[in-house]
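Understanding the architecture of this molecule
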Amino acid sequence: MKFRTALLAAALAATLPAEEPPPSKKIPGMAVVPAGEFLMGRTRETPDDKTGMRPLILRDDRPPHRVHLNAFYMDTHEVSHEAYAKFVKATGHRTPYHWLKGQLPQGKEKLPVYNVDWHDAAAYCGWAGKRLPTEAEWEKAARGGMEGKDFPWGDNVATGDARFNTADGAAPIGQYKPNAYGLFDMAGNAAEWCADWFDRTYYENSPERNPPGPMEGKYKMVRGGAWADGPRRITVFFRNWIRPNQTTPNLGFRCVLEVKPEDR
């Protein structure tokens, strides 16, 4: 069974995704992720997978499976402190707890906003007329049209590729090269909230088209890894999860928007 699974994964990874032409409408600050199929999940088995030494919960990024998504727009950058401050001013929404006296900290304007829980992130996206990405949308966007790769740019990672493996905190948004879709910081810097609930076995029965994620759960999905994480946690397929009311200094978000027929 494991041998057949490995052969299937290799065959799927060798097949390039079919993508439809992008819409003609452009939205400032957003990039188009074209409609089409992609291979979601980790395609390579590790020695720990084969021996059963990898904990079951860390095998939640398999099996690799085909997913077809409609086209959508995604923010090219993680939401910054500066952008979040405009939302707070317009709505009176609570501020992150590191904003002393509710004020945007000087010098952090261009850093990705953090210490926001899932509800804060969803509220910002709603105020902006957008929403949080599904986990499938996030992974397709992060891959930038490449199949079977570990990172948004390929299979190898160096310190100049992303903000990771550091104790110095996040970097200003957009300091590293974007992927092929024009999306910045899809690996490292701040991890990012997704819309979905977490279910370890969801990949085994996920719908083929536009999977919305489980209908309920205790934890929300987090993707992309953060500045403090090592290379294994900033891959395009690594899945993390956290309670929706929790906040951390390494977790932020970005928003997406559907492509409408009139956008074409």
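Computed from a predicted structure; not experimentally measured.

Considerations on the confidence of the model for the chain
The predicted coordinates of low-pLDDT regions are not to be read in fine detail. When pLDDT is averaged across the chain, the result is 91; 92% of the residues are at 70 or more. Across residues 1-17 the pLDDT falls below 50, and counting only partners more than four positions away or on other chains, this stretch makes 23 contacts in the model.

Topic: the sheet that holds strand 7 (residues 240-242)
Strands sit in the order 7-6-5-8 across an open sheet of four strands; the sheet is mixed. Strand pairing shows two members of the sheet lacking a second neighbour, strand 7 and strand 8 (251-252), which therefore form its edges. Bridge count for strand 5 (residues 191-197) against strand 6 (residues 220-223) is three bridges, and the pairing is antiparallel. Its bridge partner lying in strand 6, Trp197 is registered against Lys220.

A few points about the packing of helix 3 (residues 81-91) against helix 4 (residues 118-127)
Put simply, helix 3 and helix 4 touch, their axes get as near as 11 Å, and they point 80 degrees apart. The pairing of helix 3 with helix 4 is recorded here as roughly perpendicular in orientation. Across from Ala83, Tyr84, Lys86, Phe87, Ala90 and Thr91 in helix 3, the residues of helix 4 making contact are Asp120, Ala123, Tyr124 and Trp127. Of the residues contributing to the contact of helix 3 with helix 4, the split by class is seven nonpolar, one polar and two charged.

Some details on helix 3
When we look at burial in helix 3, the residues that qualify are His81, Tyr84, Ala85, Phe87 and Val88. One side of helix 3 carries all its buried residues, which in axial view fall inside an arc of 160 degrees. The outward face of helix 3, more than 90 degrees from its buried face, is lined by the exposed residues Lys86, Lys89 and Ala90. Those residues of helix 3 hidden inside the fold are in contact with helix 4.

The rules behind the values
- Residues numbered from 1 in each chain as written.
- Predicted model: local features only at pLDDT ≥ 70, side-chain atom pairs only at ≥ 80, totals over all residues.
- Heavy atoms only, no water.
- pLDDT = per-residue confidence, 0-100.
- Contact = heavy atoms within 4.5 Å.
- Pairing = 2+ DSSP bridges.
- Helix = DSSP H or I, 4+ residues; strand = E, 2+ residues; numbered from the N terminus.
- Axes fitted to C-alpha atoms, helices over the stretch in contact; angles between N-to-C directions.
- Parallel < 35°, antiparallel > 145°, perpendicular 65-115°, else oblique.
- Nonpolar A, V, L, I, M, F, W, Y, C, P; charged D, E, K, R; others polar.
- Buried < 20%, exposed > 50% of the residue type's maximum accessible area, 1.4 Å probe, protein only.
- Arc of directions from axis to C-beta.

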